Amino acid sequence: GNSVTQMEGPVTLSEEAFLTINCTYTATGYPSLFWYVQYPGEGLQLLLKATKADDKGSNKGFEATYRKETTSFHLEKGSVQVSDSAVYFCALSDGRGSQGNLIFGKGTKLSVKP
Amino acid sequence: EPEVTQTPSHQVTQMGQEVILRCVPISNHLYFYWYRQILGQKVEFLVSFYNNEISEKSEIFDDQFSVERPDGSNFTLKIRSTKLEDSAMYFCASRGQGNSNQPQHFGDGTRLSIL
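Caption draft 1: Structural view of the state of the cysteines. Residue and element names in this part refer to chain A. Going through the model one piece at a time under the given rule, you end up with 2 disulfides over all chains. Covalent S-S linkage joins Cys 23 and Cys 90, the inter-sulfur distance amounting to 1.9 Å. Its S-S torsion of about -70° marks the bond between Cys 23 and Cys 90 as left-handed, since a negative value means left-handed. Separated by 67 residues along the polypeptide, Cys 23 in strand S4 (residues 23–26) and Cys 90 in strand S10 (residues 86–93) bring together distant segments of the chain. With a relative accessible area of 1%, Cys 23 lands in the buried category.

Here it is, written out as structure tokens:
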């Protein structure tokens, strides 16, 4: 079945460091891919998405490119801020024949130190 | 910006009791979902709901669970006889028209603690 694997956390970085959070997926068909973020005490917020191969999603300085050949959707940011501290979830949605139920990775906790 | 709201934020219940978690989806959305996250584990799909009926459900969503849209605004998840392992954060989500690649909007969750 469909699944998402993301790198184990926690990840601790200094402010302005480069961030990569790896995400790979297994899916039949042509899923859409998402990154959601959960700030402390809050719900899940959509960070970015990509709906087909080679699409790049971007938002708030974060980027992720849908790589079909490597079945990956790694999240990157060139210079993290303390305010980026949160839990990041990679997710996929099998768009065909379903209501778009999301399958999530386990989440990666990011802590950014000043 | 419109948002999904969930109540209560925290629910403590004795094992065996019934619990109802409430959600108010975004008003013009048509597709509704419940997910749960057991502490330290991944977010898991429970059920999707469209056109006043369940569209899909996972293995987790057994006979103890039910969902309802009792009026034009609320979307509820009922657990009939709670078990210790039902302790988790429960998230409601909704999305609007269009294909299923449209993003889902999540509420802040209800933390359910079963004693």
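Caption draft 2: The arrangement of unusual backbone geometry in detail. The linkage connecting Gly 9 of chain A with the following residue, Pro 10 of chain A, adopts the cis geometry, with an omega of -5°. Following the sequence through the fold, Pro 10 of chain A ends up in the loop between strand S1 (3–6) and strand S2 (11–14). With an omega of -10°, the peptide bond between Thr 7 of chain B and Pro 8 of chain B qualifies as cis. Tracing the sequence through the fold places Pro 8 of chain B in the loop between strand S1 (5–7) and strand S2 (10–13). The phi dihedral of Glu 16 of chain A is positive, around 75°, even though this residue is not glycine. Topologically, Glu 16 of chain A is positioned in the loop between S2 and strand S3 (19–21). For Glu 16 of chain A, a relative accessible area of 60% gives the class exposed.

Calculation criteria
- Note on numbering: residues in each chain are counted from 1, in written sequence order.
- Starting at A for chains and at 1 for ligands, labels are handed out in the order in which the entities are written.
- Local features in a predicted model are, by the rule used here, given only for residues with pLDDT of at least 70; side-chain atom pairs are given and counted only at 80 or more, and totals for whole chains, interfaces and linings are based on all residues.
- The basis for every side-chain value is the complete set of heavy atoms in the structure, and neither hydrogens nor water enter the calculation.
- Cysteine sulfur atoms that pair up within 2.5 Å are treated as a disulfide.
- Helix and strand definitions follow DSSP, with helices as H or I runs of at least four residues and strands as E runs of at least two, each counted in order from the N terminus.
- Exposure is judged per residue with a 1.4 Å probe applied to protein chains only, and the accessible area is read against the type maximum: over 50% gives exposed, under 20% gives buried, and values in between give partly exposed.

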